Amino acid sequence: MALRFLGIDPDSPTDESGTIWLHEETGDLLIQSYRATEAEVNDCKQAGSIPGHSTDVPEHETIIRLPAAMLDYLPAHRGAEAGGEAGRAASST
């Protein structure tokens with residue numbers, strides 16, 4: 001698997017670091033972060049989804065909470081070469 005490290009939450013404790021990697025072949029993101037609390041999962045269910053789509057979370061999935069500081073590490077949509085602000089800037093030129 002060809003993974004590229006994109007970033008780590010600079011505000012997280014040493015042993016609890018939210019981290020993002022990019023799978024370079026598929027463009028998928030792998031995210032280590034905090035598992036949503038039961039209350040947050042219930043809030044997600046209340047907020048809903050698209051019509052006809054269940055809000056239940058299957059056993060093989062989970063909802064994570066991504067700290068806002070981590071958004072800077074997300075690559076720009078449609079395959080920008082760099083993550084974060086650099087990726088957004090590169091995709092808009």
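Residues numbered from 1 in each chain as written. Predicted model: local features only at pLDDT ≥ 70, side-chain atom pairs only at ≥ 80, totals over all residues. Heavy atoms only, no water.

This brings us to the sheet that holds strand β3 (residues 29-32). Judged by pairing direction, the sheet is antiparallel, and its three strands sit side by side in the order β1-β2-β3 without closing on themselves. Edge positions in the open sheet fall to β1 (3-8) and β3, since each of these has one partner strand only. The mean angle between the axes of side-by-side strands here comes to 20 degrees, regardless of whether they run parallel or antiparallel. Here four bridges tie strand β2 (residues 19-23) to β3, and the two strands are oriented antiparallel to one another. (Pairing = 2+ DSSP bridges. Helix = DSSP H or I, 4+ residues; strand = E, 2+ residues; numbered from the N terminus. Axes fitted to C-alpha atoms, helices over the stretch in contact; angles between N-to-C directions.)

Relative to the assigned elements, Q32 resides in strand β3. Here Q32 falls in the partly exposed class, since its relative accessible area comes to 38%. Through-space distance from the C-alpha of Q32 to that of S17 is 7.7 Å; in sequence the pair is 15 residues apart. Apart from residues lying up to four places away in sequence, Q32 is in contact with S17, G18, T19 and W21. (Buried < 20%, exposed > 50% of the residue type's maximum accessible area, 1.4 Å probe, protein only. Contact = heavy atoms within 4.5 Å.)

What follows deals with the confidence of the model for the protein chain. Residues with a pLDDT of 70 or more make up 81% of the protein chain, whose mean pLDDT is 81. Mean pLDDT in the protein chain bottoms out at helix α2 (residues 84-91), which sits at 37, and peaks at helix α1 (residues 38-47), which reaches 94. Note that residues 78-93 has pLDDT below 50 and, in this model, 22 contacts with residues that lie over four places away or in other chains. (pLDDT = per-residue confidence, 0-100.)

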